[in-house]
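# Chains, contacts and geometry: an overview
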Amino acid sequence: MKIKLFIPCFVDQLYPEIGIATYKLLKKLGLDVIYNEEQTCCGQPAYNAGFLDESASVCKKFMDDFDGEDYIVSPSGSCTGFIRSSAPELLQNGIYDTKVKRVSKKIYEISEFLVDILKINDVGASFYGKATYHDACGALRECGIKTAPRTLLKHVKGLELLEMKEAETCCGFGGTFAVKYEPISIGMAQTKINSALAAGADYIISTDISCLMHIDGHIKHSGHKLKTMHIAEILAEGL
């Protein structure tokens, strides 16, 4: 099976190791991975900041880069959610209308792709520690991703998956929300951290590195020993 790999700009510029882990995982599963080196951003940052014309311009390039019959896989629930839910509205009633509808039906966050499309529950990974899973807003609320990440993590050798009470609560990042409403954002991050600690976790895992970056910043500021890891990094461990 051929898949097109979309590495979000956030991963590409700040956390390339997540992109490498995603590629490694997909190749180990025997997939023909196509990476277009001309790819850039999906348009979500500009869209969330209210710059709709700029977002549309970037989004059109995404459609040109990823149009086709192959699946598109990404280590980001928020970018996947943007292409599925916001891009069709952003580019409707224009020459990209048909293209965006086609592309939006072919993109998947990596955990849902593995479980829902490939029907894989165990990738053969091993990682030793106690972890809890954070439901990122984009993955949960825009893509409906809930069970797939947990299914995969439960099959990781050596990993003890613990459910925290505030798993579905927003971490407080929300792009510019963390800048515009800093005190509220800080409080939300601390609630997430406290919940993970109460569950007895050593790691917080999620589908979105933007959430994890935000949470990790507050972990380091508060001096806790918690660590954050993207789900692609966990699933690529030991392969």
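This write-up is about the structure you can find in this document. (Residues numbered from 1 in each chain as written. Predicted model: local features only at pLDDT ≥ 70, side-chain atom pairs only at ≥ 80, totals over all residues. Heavy atoms only, no water.)

## Regarding helix α7 (residues 110–117)
Selection criterion: Remark: exposure states derive from per-residue accessible area (1.4 Å probe, protein chains only) relative to the maximum for the residue type, with buried under 20%, exposed over 50%, and partly exposed in between. In this description a helix means any DSSP run of H or I spanning at least four residues, a strand means any run of E spanning at least two, and both kinds are numbered starting from the N terminus.
Of all the eight residues making up α7, six are buried; the element is thus mostly covered by neighbouring parts of the structure. Among the residues trailing α7, Lys119 stands out with phi positive, at a value near 60°.

## Remarks on the pairing of strand β1 (residues 2–5)
As a reminder, the rule being used: DSSP calls a pair of strands paired once it identifies at least 2 bridges connecting them.
Examined bridge by bridge, β1 and strand β2 (residues 32–34) share three bridges and lie parallel to one another. Within the sheet, the bridge partner assigned to Lys2 lies in β2 and is Asp32. Note: β1 against strand β3 (residues 71–74), three bridges, orientation parallel. Note on β3: the bridge partner recorded for Leu5 is Val73.

## Observations concerning the sheet that holds β2
Operational definition: The axes used here are C-alpha line fits, helices contributing only the stretch in contact, and every angle between their N-to-C directions lies in the interval 0 to 180 degrees. Residue contacts follow a heavy-atom distance rule, with two residues in contact if any of their heavy atoms lie within 4.5 Å.
Strand order in the open sheet made by the four strands is β2-β1-β3-β4, with parallel pairing throughout. What marks the edges here is a single partner per strand, and that holds for β2 and β4 (107–109). Averaged over neighbouring strand pairs, the angle between their axes works out to 35° when direction is ignored. The sheet strands contacting helix α2 (residues 16–28) are β1, β2 and β3, and the helix crosses β1 at an angle near 180°.

## Some remarks on helix α6 (residues 97–104)
To keep it simple, the criterion reads: To obtain the arc, one takes the directions from the helix axis to the C-beta atoms.
Residues of α6 that are buried include every one of Asp97, Val100, Val103 and Ser104, and no others. Seen from one end, α6 has its buried residues packed into an arc of 135°, which puts them on one side.

## Details of the packing of aromatic side chains
Rules: Two rings from Phe, Tyr or Trp (for Trp, the six-membered ring) form a pair when their centres are within 6.5 Å of each other. A pair whose planes differ by under 30 degrees is stacked, one over 60 is edge-to-face, and the rest are tilted. Should the NZ of a Lys or the CZ of an Arg lie within 6 Å of a ring centre and within 35 degrees of the ring normal, that charge is described as sitting over the ring.
For the structure shown, the criterion picks out nine aromatic pairs. Ring centres of Tyr71 and Phe113 lie 5.5 Å apart, and the angle between their planes is 65°; this geometry places the pair in the edge-to-face category. Taken together, the residues Tyr71 in strand β3 and Phe113 in helix α7 connect sequence positions 42 residues apart. When its relative accessible area of 0% is taken as the criterion, Phe113 is described as buried. Between Tyr108 and Phe113, the ring centres sit 6.2 Å apart and the planes meet at 55°, which makes this aromatic pair tilted. You'll find Tyr108 and Phe113 in the same group, each marked buried. Each member of the aromatic cluster is reached from another via a ring pair, and the members are Phe6, Phe62 and Phe66. Over the face of the ring belonging to Tyr108 we find Arg84, whose NZ or CZ atom lies 5.2 Å from the ring centre.

## Here's the deal with the side chain of Ser76
Tracing the backbone through its elements, the reader meets Ser76 in the loop between β3 and α5 (77–90). By relative accessible area, which is 5% here, Ser76 ends up buried. Each residue touching Ser76, except ones within four places of it in the same chain, is listed here: Pro8, Glu109, Thr207 and Asp208.

## Structural notes on the packing of helix α4 (residues 52–66) against α6
We count it as follows: When describing relative orientation, an angle under 35 degrees is termed roughly parallel and one over 145 degrees roughly antiparallel, while 65 to 115 degrees is termed roughly perpendicular and anything else oblique. The handedness criterion is simple: a crossing whose near helix is rotated anticlockwise from the far helix by less than a right angle is left-handed, and one whose near helix is rotated clockwise is right-handed. For this classification, Asp, Glu, Lys and Arg are treated as charged, while Ala, Val, Leu, Ile, Met, Phe, Trp, Tyr, Cys and Pro are nonpolar and the rest, including Gly, are polar.
It is at 10 Å that the axes of α4 and α6 come closest, and there the two elements cross at 65°. Relative to α6, α4 is oriented roughly perpendicular. The two elements α4 and α6 meet at a crossing, and its hand is left-handed. Where α4 approaches α6, its residues Phe62, Met63, Asp64 and Phe66 are matched on the opposing element by Lys99, Val100 and Val103. Here the contact of α4 with α6 is built from residues that sort into five nonpolar, no polar and two charged.

## Quick look at the environment of Thr176
Mapping Thr176 onto the fold places it in the loop between β6 (157–162) and α10 (177–180). Through-space distance from the C-alpha of Thr176 to that of Asn48 is 7.7 Å; in sequence the pair is 128 residues apart.

## Concerning the environment of Ile95
If you trace the backbone, Ile95 turns up in the loop between α5 and α6. According to the relative accessible area criterion, Ile95 is exposed, its value standing at 81%. Sequence-wise, Ile95 and Lys60 are 35 residues apart; in three dimensions their C-alpha atoms are separated by 9.9 Å.

## A few points about the pattern of salt bridges
What counts, and what does not: Salt bridges are defined by distance alone: a side-chain nitrogen of Lys or Arg within 4 Å of a carboxyl oxygen of Asp or Glu.
For the structure shown, the criterion picks out ten salt bridges. With its nearest N and O atoms 2.6 Å apart, the salt bridge here joins Asp65 to Lys61. Taken together, the residues Asp65 and Lys61, both in helix α4 and four residues apart, mark about one turn of the helix. You can call Lys61 partly exposed: its relative accessible area is 31%. Across the pair Glu112 and Arg84 runs a salt bridge whose closest N-O atoms are separated by 2.4 Å. With Glu112 in helix α7 and Arg84 in helix α5, this pair connects stretches of sequence that are 28 residues apart. The exposure class assigned to Glu112 is buried, which follows from its relative accessible area of 5%. A residue is classified by how much of its surface remains accessible, and Arg84, at 23% relative accessible area, is partly exposed. Through salt bridges with shared partners, a single ionic network connects Asp135, Lys146, Arg150, Glu163 and Glu168.

The values reported here are purely geometric and, on their own, carry no functional implication.
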